[in-house]
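As a plain string of letters, each chain reads:
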Amino acid sequence: MVDLTRRRLMETSVAAALGASVAGVASADHSTEVEESDTPGAPSVKGSLKRFSTTAFGAEVTGPFVFQDGSLLYSLQHPEGDNPEPFNRAAVGYFSGFQFDFDGDNDDFTEVGIPDTDEKQRQVRSASGDYEILIQGREPINGGESRLGVTQTPDGTDITQKNFAGTQYGAAATNPDCNQFVATNDAGTEGYLFTNWENSPGCVSRVPISQDENGEWSADTENAINLTETESLRAHGGTRINCYGDLSPWETMVSSEENYAHPRVNLTHTVSDIVEAGSGAGLIGGCQFWNRPNPTEIASAIETYAENGDLSEAFGPQGYWALDGVEFLAYYLGAEPVDQDGENNLGTTAIGDVFPNPYRYGYHVDFREPAADEPEAVKYYVMGRASWEAPDFVGDLKTVYGCSDGDSKGIYKFVADEPIPSYEDTDDIAGTLYAPKITNDAASVADSGTRNSPAEVNLEIEWIELGHATNGEVESWIAEYDDVTQVDYIETHAETSWSEDPEAALREADLEVIANGNQNYITNEEIVEWASQYEENGPGGVDEELRKIPFLETRAAAKEIGASIEFNKAEGVDSVDDAGPGDFVYFGISEFNDDLADDTGDIRMDRVDGGVVYRAELERDYNVSTLEPVITGPDFTDGPEDANDALRNIDNVYTMRDGRVLCCEDGFGGPARSYPNDGLYVYQPNVMASVSSVAVGMGKTGTVDLTMSSVPGGLSGGSLSVSVGDTSVATFAGATVSDEFGLTKTAVSEDGSTATVQFTDIEKSVQGDLAEITLVSLELEGTGTGTTDLTIEVGSVDDDEGNSIEVETRSGLVVTGPSAIDSVGGGDAPTDPDGDGLYEDVNGNGRMDYDDIVLLFEQFDSDAVRMNEAAYDFNENGKLDYDDVVELYEET
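The structure presented is a predicted model; accordingly, all values stated were derived computationally and were not measured. The numbers attached to residues start from 1 for each chain and follow its sequence in the written order. Totals for whole chains, interfaces and linings use all residues, but because this is a predicted model, local features are given only for residues with pLDDT of at least 70 and pairs of side-chain atoms are given and counted only at 80 or more. Heavy atoms throughout the structure, all of them, feed into the side-chain values; hydrogens and water do not.

Caption draft 1: Fine view of a negative patch on the surface. On the surface, Glu424, Asp425, Asp427 and Asp428 cluster together into a negatively charged patch. Secondary structure elements are taken from DSSP: a helix is a run of H or I of four residues or more, a strand is a run of E of two residues or more, and numbering for both begins at the N terminus. Within the fold, aspartate 425 resides in the loop between strand S23 (411-416) and strand S24 (430-438). Patch criteria: residues need more than 30% relative accessible area and no salt bridge. Like-charged residues are merged within 9 Å; nonpolar side chains of Val, Leu, Ile, Met, Phe, Trp and Tyr are merged within 5 Å. Computed with a 1.4 Å probe, the accessible areas rest on the Shrake-Rupley method; for each residue, only the protein chains presented here act as cover. We define a salt bridge as a side-chain nitrogen of Lys or Arg found within 4 Å of a carboxyl oxygen belonging to Asp or Glu. Charge counting follows a simple rule: Lys and Arg are positive, Asp and Glu are negative, and His as well as the terminal groups are ignored. Here the site of a charge means atom NZ of a Lys, CZ of an Arg, CG of an Asp or CD of a Glu.

Encoded structure:
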């Protein structure tokens, strides 16, 4: 994305060249932030990282896409105008003469060196393929009626600062970001390239592209369109700040709106802080000034109010700078331009005819029927409102993970009731929105004075339900605010007449909004009341009129109920197409500092300004509960010898079908390196050896699988062993090797504690395989009630050259359940039908039914139950009580 907050480190002249509005971005004091130091593990990689490309001076690497044949493209976003042609204008280009092999191995390209001369720094470089421009911003399209990436008013006027006075979030068509290709033939050589243009008003373009027999791509700009001009998107109010996105499992472009102006409160503060203080001074966020005339001038106005004694001190509302372009958005909707004057093109007339509704921006936008003359735009209002960098739609077609970019923001989860494409009417899409709660014991770490390194600590997540609704319900709640204009800002909050004394009226309105909030939109009191009812009655027990709160004010609502809204610049999330259980979702956190590394909140670790890439394994229900750091960027105290080849300030992440991950940088102009350019890196994960878990009854048998994943090309074979921690709980009874391998050998130790497998891939049947490959199925026998670990030891795993391949391991668990409860159950041992370690099938008949509840109740005081507390503690409070019977009843 266009990283406006972090560009405070750059000179104003450079920022201006980038077309980004960067002045006055600070929104609060981070005086409690941990100072940068030599953080252990920074930089580091679990796996390998290889630099594919560096981009031209001033540009970020954004919008990577890999075609069916392995061809690669990405966006050249806001390069400096002094670069030589064609690297001086925003563009999207592909690497001619190169294709990824999809074998899981980074040997398919040559690493490009660092750009150590001015000439190298001013071009897009790769040692494997030449960057060829495919499209450039502002090119004539659609028969010359439009320009690529430039949004128009309803009467066809380009919305640029040349045609309209006022502010604009980035110069029009200078910030191409996400690219997604929708093929229209089976070979994947023809189709439509959808591109986000990260401006306000926002834009998404669709350009027909095709590949010739020599593998070269070309664009048909004559038949390209800006989707912002379509009727269905105008009906939603258009878009703003279209950042990254995703290719949905149903093969459509999903564009994410990075509505940086949505914060209601600054940083770690909550709405209840404002209510308790009786004023929002120093606490209020930028969204409260959305319909203020000339909204981005609020920060300088606050400075004046402080100088005049109206406020005790000046402050910057978080996200106020992203109000750039709001008035231009009104012109997109058809508002009459107001008169402008003064050096800064300040508005002297409030817009009163048509004005954008703030609750219509900050969503994922799906372009259904992508090959139609005009694709249908669907905004997923029910998935929450944020400064969305990207979503990740996973393989169950119901679960979506999202990253909200900026300081003190969140990662979120949405789960639809049914597969999303199964809804005939998208208004009927129903589901539950969740926010994260990090459960690591941050307080004890802070109290001890010792901080952990983010490179060394997994983040454990519980998901907090925010609310349940349908897409149509949320849209109806949004529509309640459609008629609010700039005139309402003055008339609601000031007694002074705008026509008689606009300066005094604006001052009066500003001070009233700072004190008591913007009364034109959801009020502070409504949010606090929602949180109170939520705490008392749960998410489903709030008043009907308050159900809108978590969907329209997602960040504020999540903060109010204690969610961990601390992530700083969550800029990437992705998994392989149709990801399922066992696959990884990658989350990119561009900077690990500020609220991740202060003395408050749930996360209190050492800071790493270079950021962290986490991965999370999808569980059986498509949930993720552990974020594991796999790439840690450099400390900005590190020198070039450490930082030059490390991934710095991750932006987009793109997971290829062979499990490798494209990692894009957005760290231009920061310290640490000997060069300023951002790059594109390819992450190759280590091979993962895992053993599953099993629950068995005493004297019964069960099986676990020893699997490998992220296997690269060139695997020759290896040997691994699995050991039982406590043979009094379980022992190995046998092993069966997968048929995929040529020569294999297994052995089980005499005491049953260890099983070993040796294998060779003679037929090369598992080369470059991302999916889990089962090496061997191991039979276990329960020998006594209890729990024990299954651990893996790697003897060796070799490639075709005889070189050792690094392998990570993941342990499993054996739970041996209780013996039979001799009563109406017939003497069969209880079983664990869902594998959670609890024995819901109390009577052992292979299913959960009412007889299980009766048997547990009748035998509750028997030794068979009391001596197996862990098996029947269904409410998981660490003891046996009658609520366990109730819990089993509710589950049954």
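Caption draft 2: Focus on the pairing of strand S11 (residues 190-197). Of all the eight residues making up S11, seven are buried; the element is thus mostly covered by neighbouring parts of the structure. At least two DSSP bridges between two strands are needed for those strands to be called paired. Inspection of the sheet shows strand S10 (residues 176-183) paired to S11 by six bridges, in the antiparallel sense. In the sheet register, phenylalanine 181 faces S11, and the bridge partner there is leucine 193. Sheet analysis places S11 next to strand S12 (residues 203-211), joined by eight bridges and oriented antiparallel. Bridge pairing in S12 places tyrosine 192 opposite proline 208. Where S11 folds back onto S12 in an antiparallel hairpin, the turn is made up of five residues. Partly exposed describes any residue whose relative accessible area lies between the buried limit of under 20% and the exposed limit of over 50%, with all areas from a 1.4 Å probe on protein chains only and scaled to the type maximum.

Caption draft 3: Quick look at the state of the cysteines. Count a disulfide wherever a pair of cysteine sulfur atoms falls within 2.5 Å. This structure, assessed with the given rule, holds zero disulfides. Unpaired in terms of disulfides, cysteine 178 finds its nearest cysteine sulfur in cysteine 243, a separation of 8.5 Å. No disulfide involves cysteine 403; its sulfur sits 11 Å from the nearest other cysteine sulfur, which is in cysteine 243. Cysteine 403 sits in the buried class, given a relative accessible area of 0%.

Caption draft 4: Highlighting the environment of alanine 386. The residue alanine 386 is located in the loop between strand S20 (376-379) and strand S21 (388-393) in this model. Considering only alpha carbons, one finds alanine 386 and glutamine 486, 100 residues apart in sequence, at a separation of 23 Å. Contact definition: two residues touch when any of their heavy atoms are within 4.5 Å. Not counting residues up to four positions away in its chain, the partners in contact with alanine 386 are Glu257, Asn259, His262, Gly362 and Ser404.

Caption draft 5: Fine view of the sheet that holds S20. Judged by pairing direction, the sheet is antiparallel, and its four strands sit side by side in the order S15-S16-S19-S20 without closing on themselves. Whereas interior strands pair on both sides, the edge strands pair on one side only; in this sheet they are strand S15 (242-247) and S20. This sheet shows a mean twist of 25° between the axes of neighbouring strands, independent of strand direction. Bridge count for strand S19 (residues 364-368) against S20 is four bridges, and the pairing is antiparallel. Bridged to valine 365 within S20 is lysine 379. Convention adopted: a line fitted to C-alpha atoms gives each axis, helices being fitted over their contacting stretch, and angles between N-to-C directions are expressed from 0 to 180 degrees.

Caption draft 6: View of helix H5 (residues 298-307). Those residues of H5 that sit buried are Ile298, Ala299, Ala301, Ile302, Tyr305 and Ala306. One face of H5 carries all of its buried residues, which in axial projection span an arc of 155°. Phi turns positive, to about 90°, at glycine 309, one or two residues after H5. An arc is given here, and it is the one of the directions from the helix axis to the C-beta atoms.

Caption draft 7: Layout of the layout of surface pockets. The pocket and cavity definitions rest on a 1 Å grid over protein atoms only: a 1.4 Å probe that fits but cannot leave marks a cavity, an open set with protein on both sides within 12 Å along at least five of seven lines marks a pocket, and residues lining either have an atom within 4 Å of a point. Grid points are joined across faces, edges and corners, and a volume is the space filled by probe spheres set on the points. Empty space within the largest pocket amounts to approximately 1,200 Å³. Around the largest pocket sit 33 residues that line it, and Glu617, Glu619, Arg620, Ser692 and Ser693 are the ones nearest its centre. When contributions to the lining of the largest pocket are tallied by element, the ones reaching two or more residues are strand S28 (612-617), strand S29 (626-632), strand S33 (687-691), strand S34 (694-697), strand S35 (701-709) and strand S43 (812-817). Side-chain classes follow a simple rule in which Ala, Val, Leu, Ile, Met, Phe, Trp, Tyr, Cys and Pro form the nonpolar group, Asp, Glu, Lys and Arg form the charged group, and the remainder, Gly included, forms the polar group. Here the residues of the lining of the largest pocket sort into nine nonpolar, twelve polar and twelve charged.

Caption draft 8: Quick look at the sheet that holds strand S40 (residues 773-782). If you walk across this open sheet you meet the five strands as S37-S40-S35-S33-S42, and the pairing is mixed. Both outer strands of the open sheet, strand S37 (730-737) and strand S42 (807-810), are each paired with one neighbouring strand and no more. Along the sheet, successive strands turn relative to each other by an average axial angle of 20°, direction set aside. The pairing of S37 with S40 spans seven bridges and is antiparallel. Residue pairing for S40: glycine 734 is matched across the bridge by glutamate 779.

Caption draft 9: Main features of the pattern of salt bridges. Tallying each qualifying case throughout the model produces 31 salt bridges. One salt bridge connects arginine 292 with aspartate 510, and the closest N-O pair in it is separated by 2.9 Å. Of the two residues, arginine 292 sits in the loop between helix H4 (271-277) and H5 while aspartate 510 sits in helix H10 (residues 502-516), which places them 218 residues apart along the sequence. No difference in accessibility class separates arginine 292 from aspartate 510, as the two residues are buried. One salt-bridge network, held together by shared partners, links Lys46, Arg615, Glu617, Glu628, Glu808 and Arg810.

Caption draft 10: Just unusual backbone geometry, in detail. Across the junction of alanine 42 and proline 43, the peptide omega takes the value -5°, indicating a cis bond. Mapped onto the elements, proline 43 comes out in the loop between helix H1 (12-18) and strand S1 (44-45). The residue after serine 200, namely proline 201, is reached through a cis peptide bond having omega 5°. Among the structural elements, proline 201 can be located in the loop between S11 and S12. Located in the positive-phi region is glutamate 251, a residue other than glycine, with phi close to 65°. Topologically, glutamate 251 is positioned in the loop between S15 and strand S16 (253-257).

Caption draft 11: Structural detail: the packing of H5 against H10. Relative to each other, H5 and H10 sit at 95°, their axes nearing to 11 Å. When the interaxial angle is binned, H5 and H10 end up roughly perpendicular. Taken together, the residues of H10 that come into contact with H5 (itself represented by Ile298, Ala301, Ile302 and Tyr305) are Leu506, Arg507, Asp510, Leu511 and Ile514. For classification purposes, angles smaller than 35 degrees are called roughly parallel, those larger than 145 roughly antiparallel, those between 65 and 115 roughly perpendicular, and all remaining angles oblique.

Caption draft 12: Layout of the environment of leucine 76. When you line up the elements, leucine 76 lands in strand S4 (residues 72-77). Spatially, the C-alpha atom of leucine 76 lies 57 Å from that of valine 748, the residues being 672 residues apart in sequence. Apart from residues no more than four positions distant in its own chain, leucine 76 is found in contact with Thr55, Ala56, Ala59, Pro86, Phe87, Arg89, Ala90, Ala91, Val124, Tyr131 and Pro176.

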